[in-house]
Amino acid sequence: MASVLAGAAAFVLVLATGAAAEPTRAEAQAVFARFKGMAGEWEGKSTRGWTDRVTFRAIAGGSVVVHNSFEAHPGEEMMTAYHMHGDRLLLTHYCMAKNQPRLVLSAVEEDGRRAVFTFLDATGIPTRDAGHMDKAVYEFTAEDRYTARWTWYQDGKESWLEEIEMRRVPARAAR
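A. Structural view of the pattern of salt bridges. A full pass over the atoms with the stated rule returns 11 salt bridges. Across the pair Glu109 and Arg114 runs a salt bridge whose closest N-O atoms are separated by 2.5 Å.

The structure is reproduced here in structure tokens:
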């Protein structure tokens, strides 16, 4: 009886908090496959006004997808790497802030068209309150378009949100 009550209490807690179950292995693999399918060049514009041209490519026998960002910071480059770790999809962002936050796929929504990554841990920061990218939300709007929303976290709160609308560069126009 106690275990039934405990299970019911946990179910009520999930309903009350709106917490969703972690993505399944199949959902994580499907999102990873989507990133693999994004191989090539993309360009877009940020809500902060800058333009960017990025490249996605699979490396290490297809076990990692890297995403290089070239133009957000002139003369500098950032990289984001995506890979499976057991049943989970992880993202590591090598940032201009000289730290490396790791985010975990925490939700898959809208039939896989929306993937939410949230903070797991990081290197290069003494505490979580040090400034870092803390959340990334990808909305796959079409085979050739996606939107990425990046949330900065510092001093116990989200400080700003960067949104970048990207479109695939046709192969003949790739540089």
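B. Local environment of the pairing of strand E8 (residues 132–142). Burial of E8 is extensive: 8 of the 11 residues sit out of reach of the surface. The sheet contact formed by strand E7 (residues 114–123) and E8 spans 5 bridges and is antiparallel. The partner of Arg114 across the bridge, within E8, is Glu139. Pairing analysis gives 9 bridges linking E8 to strand E9 (residues 145–154), with the strands arranged antiparallel.

C. Spotlight on the sheet that holds strand E5 (residues 88–94). Pairing is antiparallel in the closed barrel, where 10 strands are placed in the order E1-E2-E3-E4-E5-E6-E7-E8-E9-E10. Adjacent strand axes in the sheet meet at a mean angle of 25 degrees, parallel and antiparallel pairs treated alike. Relative to strand E2 (residues 51–59), strand E1 (residues 40–46) runs antiparallel, the two being bridged by 6 bridges. Counterpart to Trp42 in the pairing with E2 is Val54. Those strands touched by helix H2 (residues 25–36) are E2, strand E3 (64–69), strand E4 (78–85), E5, strand E6 (100–109), E7 and E8, and its axis lies near 145 degrees from that of E4.

D. Expanded view of the packing of aromatic side chains. With the rule as written, the count across this model stands at 15 aromatic pairs. When the centroid spacing of 6.3 Å and the interplanar angle of 55 degrees are considered together, the rings of Phe35 and Phe117 count as tilted. Here Phe35, found in helix H2, pairs with Phe117, found in strand E7; they are 82 residues apart in sequence, far enough to count as distant. You can call Phe117 buried: its relative accessible area is 0%. The interplanar angle of 10 degrees and the centroid separation of 6.2 Å between the aromatic rings of Tyr138 and Phe140 together place this pair among those described as stacked. With respect to class, Tyr138 is no different from Phe140; both count as buried. Here a set of aromatic residues connected by ring pairs shows up, and it is made of Phe35, Trp42, Phe56, Tyr82, Phe117, Tyr138, Phe140, Tyr146 and Trp150. Positioned above the aromatic ring of Tyr153 is the side chain of Arg128, whose terminal nitrogen or guanidinium carbon lies 4.2 Å from the ring centre.

What counts, and where the lines are drawn
- Residues numbered from 1 in each chain as written.
- Predicted model: local features only at pLDDT ≥ 70, side-chain atom pairs only at ≥ 80, totals over all residues.
- Heavy atoms only, no water.
- Salt bridge = Lys/Arg side-chain N within 4 Å of Asp/Glu carboxyl O.
- Buried < 20%, exposed > 50% of the residue type's maximum accessible area, 1.4 Å probe, protein only.
- Helix = DSSP H or I, 4+ residues; strand = E, 2+ residues; numbered from the N terminus.
- Pairing = 2+ DSSP bridges.
- Axes fitted to C-alpha atoms, helices over the stretch in contact; angles between N-to-C directions.
- Contact = heavy atoms within 4.5 Å.
- Phe/Tyr/Trp six-rings, centres within 6.5 Å; stacked < 30°, edge-to-face > 60°.
- Lys NZ or Arg CZ within 6 Å of the ring centre and 35° of its normal.

By themselves, these are just geometric observations and shouldn't be taken as functional.
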